[in-house]
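Residue-level listing of the chains:
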Amino acid sequence: MELFTKLFSDLLVFVYHCFDRIVIHGYLSGLSRPEQVVFFFRQVVGAPVVSKELLSQRTTDYQNWVEAFARNHDIPIQWAEKGVRKEDFVRPWLRRMVKKGTYGVYFIFKSMEQGPSFRVTVPKFPTKDPNHRILAHQKSRFTHNYFYLRDEVLGPMIMRVATFFPFQTTYYLNGHNYIEQELNRAQIGFRKNDNAFLAVDDVAALQAAADKLSPAIIRERLDYWTLILGPKFSVKERKRINLSRFYSISQIEYCRNFIFKRNFPIHKLFERSCELGLWRLTAHKISEIFGQRLHRKMSGKLATVIDQIEHGHHVYRAYFKHAFLKQYEKFSTFLRNELCSNNLKDFGLRKGLDNLEAVREKLQAITSRFASFQAHWLNVHVDFPLLQRIALPITIGSVRYPGIKIHETRIIRLMEVLLHGGTHVGGWTAKQIHEAVLTTFGLSDSGYRLNQLRYDLRKLKGHALLERDGSCYAYRLTTKGLEVGLLFLFFHKRLCGPLANSRFHHQPDARLRPDSRLEAAYHRADAAIQKVVDLLAAA
């Protein structure tokens, strides 16, 4: 990652890394197994028979409590519609809460989904205990409540609660929301779009806030909201059995964000990274990036693909087992490398929330290696094709400007005249430039007409090589135009001309060359070109 940052430091504003999406499952440790549920109802609650109706009663009581909670706090509650993104639908309510500066639940969705539950059956053969029932785990379809809330520490988050035993909970967090709360608390200015920071007054404070997210902070807030919004148990029930929640990481994403000064290099870097990634990122390279040994019994995916998702931008993905690395550009402002893991066992890590720091170190190292690989691939001359970019047509607004080819004689003559007259005060008019070109190169008016000149001036102006002097129709070269003009002329007169002549017409004898550093450099260039030609022929 340090190599990538050093290589493109002049193009970057800042770089930061943090957790992005975190999905956590919460399990009631005292009611996760069938024998615990039987003990709870028969010994703690005092019910003689653990029946389906008894379990359903707990579900009904909790659903009635949710309805009353929404009614008392004036919180909208409704069933989720198919095909509607929940986050987009509830965003207006979140904005109102942010504007008021309040915290709490602002929307509740109800959804029929599949989840873990218990099946109660009567034994096939009679037993000594007539109240004996068989409880077993099963997957069934029942109501889940989605609580959309704004926490004062973790920011906006979602809590999903299953309404049937064992009341499994799922929490959807985002590390960027936590960083936002920390920066607001420290009164540090920033600009954030969706789930990325595009500008910040103190980059070190931003990174410190990202590194501050810990298991203790997450557990405290999850325990609080689970007590407020989760299923209710009496004091007696809590004393008799352990009803604490065990939190495990189901899915986690860790990202590195590269914020650029300009939009142009982002797309070019991403485009070239995709080409190199599909070509160079073989199975051995993927396993090296993920820090795992490649063997025949490896399960899961091991491939690279390019996807186009609903946001309209392309995503490069490198799959490894149940995890994948992805890279994409967003909002034409930043480039993101993101590692997503759906099973931490792929990295030899435990899924308990207490292992969050070990997860951070592991995922951070993988994204760093990925950025280093890309930096090595991009640190070559062919990935900075200035002449190729200028040769391509560009569109500004509704106007399309043709490309500028380095071999165009008219453009070379025009640039030479503009460079020699660079000290002209007030710029040159089109007629003055036309007369200078005709006089300098001995051309006739029919050989280079004024309309052709105006066409060439339009191309130079479209590529930001030429600018008008105020509102007058007088032109002068821009700073970029001066550099490109010198490059074109030096290429033809001092580099391309002598080298081309030595290759095809006359090659000076290296043994009899004069004592000149420039002449020695030409001979070295001749030798290098010959070596490149030989390598291309061998390939």
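So, here's what we can say about the structure. Since this is a predicted model, take the numbers as computed values, not measurements.

Let's talk about the sheet that holds strand β1 (residues 12-28)
Taking strand neighbours across the sheet as the criterion, the eleven strands line up as β2-β3-β4-β5-β6-β1-β9-β13-β12-β11-β10 in an open arrangement whose pairing is mixed. The open sheet is flanked by β2 (77-79) and β10 (301-308), the only strands paired with a single partner. Adjacent strand axes in the sheet meet at a mean angle of 20° when their direction is disregarded. Of the strand pairs in this sheet, strand β12 (residues 323-330) and strand β13 (residues 334-341) are connected by eight bridges, and their pairing is antiparallel. Across the sheet, the residue bridging to Q327 is N337, located in β13. In the packing of helix α3 (residues 52-72) onto the sheet, contacts are made with β2, β3 (104-121), β4 (134-151) and β5 (155-162), and the angle to β3 comes to roughly 180°.

A few points about the side chain of T226
Mapped onto the fold, T226 is located in helix α7 (residues 215-229). Since its relative accessible area comes to 10%, T226 is described here as buried. Within the structure, T226 has its side chain in polar contact with the backbone oxygen of L222 (distance 2.6 Å). Apart from residues lying up to four places away in sequence, T226 is in contact with M159, Y171, R245 and Y247.

Looking at the sheet that holds strand β16 (residues 428-429)
With respect to topology, three strands assemble into an open sheet ordered β16-β18-β17, the strand pairing being antiparallel. The open sheet terminates on both sides in strands that have one partner only, identified here as β16 and β17 (466-468). One ladder, built from two bridges, connects β16 with strand β18 (residues 474-477); its direction is antiparallel. Paired with W428 across the two strands is Y475, which belongs to β18.

Section: helix α2 (residues 34-45)
Under the 1.5 Å per step criterion, the end-to-end length of α2 is 15 Å for twelve residues, consistent within 8% with the ideal 16 Å. Turning to α2, its buried residues are P34, Q36, V37, F40, F41 and V44. For α2, the secondary structure elements touched by its buried residues are α3, β3, β4 and α8 (235-240).

Basis of the calculations
- Residues numbered from 1 in each chain as written.
- Predicted model: local features only at pLDDT ≥ 70, side-chain atom pairs only at ≥ 80, totals over all residues.
- Heavy atoms only, no water.
- Pairing = 2+ DSSP bridges.
- Helix = DSSP H or I, 4+ residues; strand = E, 2+ residues; numbered from the N terminus.
- Axes fitted to C-alpha atoms, helices over the stretch in contact; angles between N-to-C directions.
- Contact = heavy atoms within 4.5 Å.
- Buried < 20%, exposed > 50% of the residue type's maximum accessible area, 1.4 Å probe, protein only.
- Polar contact = N/O pair within 3.5 Å; in protein donor to acceptor, adjacent residues only side chain to side chain.
- Expected span 1.5 Å × (residues − 1).

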